Each structure stands twice: as C-alpha cells, then as structure tokens.
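# Structural characterization, general
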Protein chains: 2
Amino acid sequence: MAVARRMVQTRGYNGLSFRELAKEVGIKSASIHYHFPTKGDLGAALAKRYTADGQSYLNSLRQDSSDLNLWIKGYTDVFRMALVNDNRMCLCGIMAAEYDDLPPEVRTEVDGFTDLNVRWLTEVLGACRPKLNQETRESRALAIYAAVEGAQLIARGRGDISVYDKTIETYRAAGLIP
Amino acid sequence: MAVARRMVQTRGYNGLSFRELAKEVGIKSASIHYHFPTKGDLGAALAKRYTADGQSYLNSLRQDSSDLNLWIKGYTDVFRMALVNDNRMCLCGIMAAEYDDLPPEVRTEVDGFTDLNVRWLTEVLGACRPKLNQETRESRALAIYAAVEGAQLIARGRGDISVYDKTIETYRAAGLIP
DNA sequence: ACCTGAACACCGTTCAAGT
DNA sequence: ACCTGAACACCGTTCAAGT
C-alpha cells in the first residue's frame, strides 16, 4: 500500500498500474487482486488510510502545542512536504482531479478527506477567530483547504517549491489564512 | 479537437483514449495518428488552442467594459462555466494534476496557460491596486490563479456549484480577490 | 491462505497497404 | 492527402490451477 500510495501521489489514480505495482513489490499482478479485488478497492483503501493518517497528524498538532500559528504552519507544511518529497501531491487532491474516473467507493473516501480538512480547519478557526459564526467558519475552512490544494497543484506544475511558499504567504498577507 | 478537449476536461489526459475519440468522430484510431502522431502532440495542440481561446476571451473582457469588478467576475465565471457545463475542469488545471505523466511538449503548453493567467491578473491588479509594486502584484496574481483552480477542483469533487460560489465569495471577503 | 499462468477486452503506437 | 487492418507491448480483470 505504501508503494501504491506513492504511485498515485505522483501519477494519479489512472496512472496506478497493477502490473507495475506488482513488479515493484515482487509478486504477480493477479496476486494483488487477491488482496484488492478491483482497482477501486485498492484506491478506496489508500484514501481511507491516507485520511486516517491525516487525522492523527492533525490531532497531534493540536496536542503538542497551544500556539495557534504553529497549528496553521503544521497544516500548510504537510502539503509542502509532499512537494519536497519527489514533487508529489496530496493523494486526495490528485484524485479529486480524476473525480469522473473514480469508482463510487473511492469517491466516498476522497470526500471523507475533504470533510476531515474542513472539520479540523473549522475547529482551529473557532479558536483563532472566535467572533465568526459557525457558517462563516466553515466557508472559510473550505476556502483555505481549496486554496492550499490549488497552491500545491500549481507549484507542482512549476516544479518550484518557492512558488508554493510565496503563494501561501500571499494567502496569509491577504488575510485568507490566519 | 473539440471532442478531445471535452474528454480531457472530464477525465484528464490519461483518461483520453485515441480509440474512444476515434469512435466518437467516426474514424479509426490509427487515422488520428495521421493528424497527431503521438498522444503528446494531441495534448499539446489542445492546450495550445485552449490557451489561445483563453487569451482572446480575457482580452475581450477588458475591451468590452472598463468596470474592474466586471473583469474579475468574468475571470471567475469562466472557471465556473466549466463546472456548470457537465462538471468539467479547466483543461490545464486537470493536466497540472497529471504533470508527472505529461510529455514535455504538453508540459510546455500547460505552463503557457499559467503564464497567461498570471500575466493577465497582474495587469488587472495594476489597474485595481496601483499602490502594489510589480513583484507583489505577480505573487498576488499567482495566488489568485492557484486559489481559483483549487476552488474548481474541490467544488467539482463535491459536485456542487454553490461550493464554488461560496469559496470565491470567501476569497473576496478575505481580500484575496479584489 | 496466498500465489500463478493464461486468457479476455482494452490501451497507444507502428506500418504496410489501400483510395 | 487521408484512411485502414493487423500487429506489438501494454492495461485491469477473471479464473482454474497450483502450493
């Protein structure tokens, strides 16, 4: 699954090949179908684990510190890290682009990742911007998530990490990100 | 090319199939290779024309009106339209997600589209925000482009146009978009 | 319980052959 | 100038067969 996740993060869901994956892990492609009957099953499992990993990372961020700025920095940094490590993308960001090709079970898990991000950001905004009402916070959370995914997408195309850094900084200067 | 562009906008570059495209336009897949020797040639031609169309649209926006707000609305609306028409994405946005799979000639054209957007937005910001220096304008332009692409990406996954509208409105309220 | 080889209908690509 | 059929090595998937 680690190998498959890396493949999807670089080449997308459509770019993931059972045969190539099999070669990499040293078995035959037919054997993978024993563990994941269809490509959709594998994709859904990848997105589910990815969301769970993200969940525990974001939770630990809030436990390890009470500095709100550090939470936000930890958030934008995890997207930054994917770019630094082999110019990869967020698994669910790249899958969102392929949404029309995704089997329903994969779509569900990709949506779950968006929900996680919006939920976490909404809670953090509750601490940063206590004056905003719940609905405004949720809209803001979704906007931040969308903007960060967009920054990652464009910076990856540019192959230039400084594009990501500059864009995030511009979001902050404009007041979108706390 | 119109059919191919629509296919890429919904399913991505990897989702574009010569055989399927051939069936749709009523010839054999081998015949397409006569006009576009490789898939990369077709992809590059699509992105090039897409950028040219975008160029003339954005130029006409500025000619038809002197209202700066209308320029920005015209800008965000063209991305909105893709979602409304069959939940499609910006051709170069979806291709950016597949960047690692793209042949070099396609990458070049995708980069050209980004350049067009940044150039146009930078000029518009020059009119809207004359106090900003050139470098700040360019960073802001890139950030706006990234944020709008991200909004489109996420809204498409949600299959809900109101998510796009709300996100754009949040960008505006936060001060990212003029 | 886990793996495999062989088959199926797909894919981009090539090329000799047709008009 | 434009199209085609047949071939090649790829793809996800299935399934009977192996341990």
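Before reading on, note that the structure itself is shown above.
Keep in mind the model is a prediction, meaning the values are calculated, not measured. (Residues numbered from 1 in each chain as written. Chains lettered and ligands numbered in written order. Predicted model: local features only at pLDDT ≥ 70, side-chain atom pairs only at ≥ 80, totals over all residues. Heavy atoms only, no water.)

## Concerning the protein's contact with DNA strand C
In the vicinity of DNA strand C there are 16 residues, among which H35 of chain A together with S17, F18, R19 and K39 of chain B approach most closely. Each atom of DNA strand C within 4 Å of the protein was assigned to sugar, phosphate or base; sugar and phosphate come to 55%. A distance of 3.3 Å separates a phosphate oxygen of DNA strand C from a polar side-chain atom of Y34 of chain A. A distance of 3.0 Å separates a phosphate oxygen of DNA strand C from a polar atom in the backbone of L16 of chain B. Of all elements in the fold, only α3 (29-35) of chain A together with α2 (18-25) and α3 (29-35) of chain B reach the threshold of two or more residues within the surface near DNA strand C. When residues of the surface near DNA strand C are assigned to their parent elements, the largest contribution, four residues, is made by α3 of chain A. Grouping the amino acids of the surface near DNA strand C by side-chain chemistry returns seven nonpolar, six polar and three charged. (Near = heavy atom within 4 Å. Polar contact = N/O pair within 3.5 Å; in protein donor to acceptor, adjacent residues only side chain to side chain. Helix = DSSP H or I, 4+ residues; strand = E, 2+ residues; numbered from the N terminus. Nonpolar A, V, L, I, M, F, W, Y, C, P; charged D, E, K, R; others polar.)

## Quick look at the packing of aromatic side chains
Residue and element names in this part refer to chain A. As enumerated under the stated definition, the model contains eight aromatic pairs over all chains in all. Judged by centre distance (5.3 Å) and plane angle (40°), the rings of Y50 and F113 are tilted. Here F113 lies in helix α7 (residues 104-128) and Y50 lies in helix α4 (residues 39-64), a separation of 63 residues in the sequence. Judged by its relative accessible area of 6%, F113 is buried. Clustering of aromatic rings is evident, with ring pairs tying together Y50, F113 and Y145. (Phe/Tyr/Trp six-rings, centres within 6.5 Å; stacked < 30°, edge-to-face > 60°. Buried < 20%, exposed > 50% of the residue type's maximum accessible area, 1.4 Å probe, protein only.)

## What to know about the relation of the copies chain B and chain A
For the pair of chain copies, the relating operation is a rotation around an axis with a shift along it. When chain B is fitted onto chain A, the two copies agree to an RMSD of 0.0 Å after a turn of 180° and an axial shift of 0.0 Å. This pairing of chains is accounted for by a two-fold axis. A share of 100% of interface residues in chain B that are also interface residues in chain A marks the association as one of identical surfaces. (Least-squares fit on C-alpha atoms with pLDDT ≥ 70 in both. Contact = heavy atoms within 4.5 Å.)

## Things to note about the side chain of T167 of chain B
With respect to the helices and strands, T167 of chain B occurs in helix α9 (residues 161-174). Beyond its immediate chain neighbours, meaning those up to four positions away, T167 of chain B contacts L142, A143 and A146 of chain A together with A151 of chain B.

## Looking at the protein's contact with DNA strand D
Around DNA strand D sit 16 residues, and of these S17, F18, R19 and K39 of chain A together with H35 of chain B come closest. When atoms of DNA strand D within 4 Å of the protein are sorted by moiety, sugar and phosphate together comprise 54%. A distance of 2.4 Å separates a base nitrogen of DNA strand D from a polar atom in the side chain of R19 of chain A. A distance of 2.7 Å separates a phosphate oxygen of DNA strand D from a polar atom in the backbone of K39 of chain A. Where the surface near DNA strand D is concerned, the elements lending two or more residues are α2 (18-25) and α3 of chain A together with α3 of chain B. For the surface near DNA strand D, the leading source of residues is α3 of chain B, giving four residues.

Any link to function would need more than the numbers given here.
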